[in-house]
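Structural description and commentary
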Amino acid sequence: MKIVLILICSAFALLPAVAEDAQVFPTSAGPVKINPLHHASTLIEAGGKTIYLDPAKPVKFSGLPKADLILITDIHGDHMDPDAIKDVSKAGTEILAPPAVVQTVTTAKPIANGETEAWQGWTIEAIPAYNLKRGPEPGKLYHDKGRGNGYVLTYGGKRFYFSGDTEGVPEMRALKNIDVAFVCMNLPYTMPPDEAADAVKAFHPKIVIPYHYRGSDLTVFQKALQGTGIEVRLLNWYPEN
């Protein structure tokens, strides 16, 4: 009996670190399962296909499914991690990324702001992601317009938005018919929770999920959206905390 228990415990110890907060969304093409991994790293599964958004350290990808598609939003290490990309890739893995990322991840196909790609039943729209006012010093921004992408992913009639690194830019505020929005909020690089909530009110998704939020007070975001009819779901994107 002790040997059996040891073997069971060992098996659990080897399981990949997928968060318990996985969300499943019904669509006309079947369910979409979205797993928060860490910070911006996200695992999306639907129709027997696996998509990773911004796979990066410190996620341990051993034991997780290999990617059919990888989407990258920007050049910074918490979004573009060549080692993690290698870890999740297999023969035939496709990668879509902004042109700035393709300079480093040369196997990726470029998708620039405003462009759309069709992939395996998905429609992928690249949404501009950038700073309006925040930067490391006067005259410089952390994220220049045109460099990074957010993405709207449409599958089975459902539209999922991942903001990438951005403030509440006009292109975000102008989004239409978003079912689930994953919106960043972390200072000094993107925006605080109150500004994120204001932007979310403008495009009014059915469900909003904060991500890329290290150090932010999510109760501020949650309270700011009370009474709007927008459902706020808080997931644990930092399981080590």
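Residues numbered from 1 in each chain as written. Predicted model: local features only at pLDDT ≥ 70, side-chain atom pairs only at ≥ 80, totals over all residues. Heavy atoms only, no water.

Thoughts on the confidence of the model for the protein chain
A low pLDDT score tells you not to read the predicted coordinates there in detail. Averaged over the protein chain, the pLDDT score is 92; the fraction of residues at 70 or greater is 91%. Per-residue pLDDT stays below 50 along residues 1-19; that stretch engages in 10 contacts with residues further than four places along the chain or on separate chains. (pLDDT = per-residue confidence, 0-100. Contact = heavy atoms within 4.5 Å.)

Looking at the environment of serine 41
Here serine 41 lies in strand 3 (residues 41-46). The class for serine 41 is buried, based on a relative accessible area of 2%. What serine 41 contacts, discounting residues up to four positions off in sequence, is Asn35, Pro36, Leu53, Asp54, Pro55, Ala56, Val59 and Trp237. There is a polar contact of 2.6 Å between the side chain of serine 41 and the backbone oxygen of aspartate 54. (Helix = DSSP H or I, 4+ residues; strand = E, 2+ residues; numbered from the N terminus. Buried < 20%, exposed > 50% of the residue type's maximum accessible area, 1.4 Å probe, protein only. Polar contact = N/O pair within 3.5 Å; in protein donor to acceptor, adjacent residues only side chain to side chain.)

Topic: the packing of aromatic side chains
Going through the model one piece at a time under the given rule, you end up with 12 aromatic pairs. Seen in terms of ring centroids, phenylalanine 162 and tyrosine 211 are 6.3 Å apart; in terms of plane orientation they differ by 70 degrees. Their pairing is edge-to-face. Of this pair, phenylalanine 162 sits in strand 11 (residues 158-162) while tyrosine 211 sits in strand 13 (residues 207-211), and the two are 49 residues apart along the sequence. Note on accessibility: phenylalanine 162 and tyrosine 211 belong to one class, buried. Residues tyrosine 213 and tyrosine 238 carry aromatic rings whose centres are separated by 5.0 Å and whose planes lie at 75 degrees to one another, so their mutual orientation is edge-to-face. In this pair, tyrosine 213 sits in the loop between strand 13 and helix 6 (218-224) while tyrosine 238 sits in the segment after strand 14 (231-232), placing the two residues 25 residues apart along the sequence. According to the relative accessible area criterion, tyrosine 213 is buried, its value standing at 10%. Here the aromatic cluster, defined as three or more aromatic residues joined through ring pairs, consists of Phe25, Trp122, Tyr155 and Phe160. (Phe/Tyr/Trp six-rings, centres within 6.5 Å; stacked < 30°, edge-to-face > 60°.)

With respect to the nonpolar core
Counting residues in hydrophobic clusters, the biggest one holds 54 residues, and the most contacted among them are Trp122 and Ile124. Sequence-distant contacts of isoleucine 124, defined by excluding residues within four places in its chain, comprise Leu69, Leu71, Leu96, Ile111, Glu115, Thr116, Glu117, Trp119, Tyr151, Val152 and Leu153. (Core = buried A, V, L, I, M, F, W, Y, C linked by side-chain atoms within 4.5 Å.)

Comments concerning the pattern of salt bridges
Pairing is possible between side chains of opposite charge, provided their charged atoms come close. One pass over the full model with this rule turns up 13 salt bridges. Lysine 133 is paired through a salt bridge with glutamate 195; the nearest N and O atoms lie 3.4 Å apart. Residue lysine 133 is located in the loop between strand 9 (122-129) and strand 10 (148-155), and its partner glutamate 195 is located in helix 5 (residues 193-203); the two are separated by 62 residues in the primary sequence. Look at lysine 133 and you get exposed, because its relative accessible area is 58%. A salt bridge links glutamate 195 to arginine 134; the shortest N-O distance between them is 2.7 Å. (Salt bridge = Lys/Arg side-chain N within 4 Å of Asp/Glu carboxyl O.)

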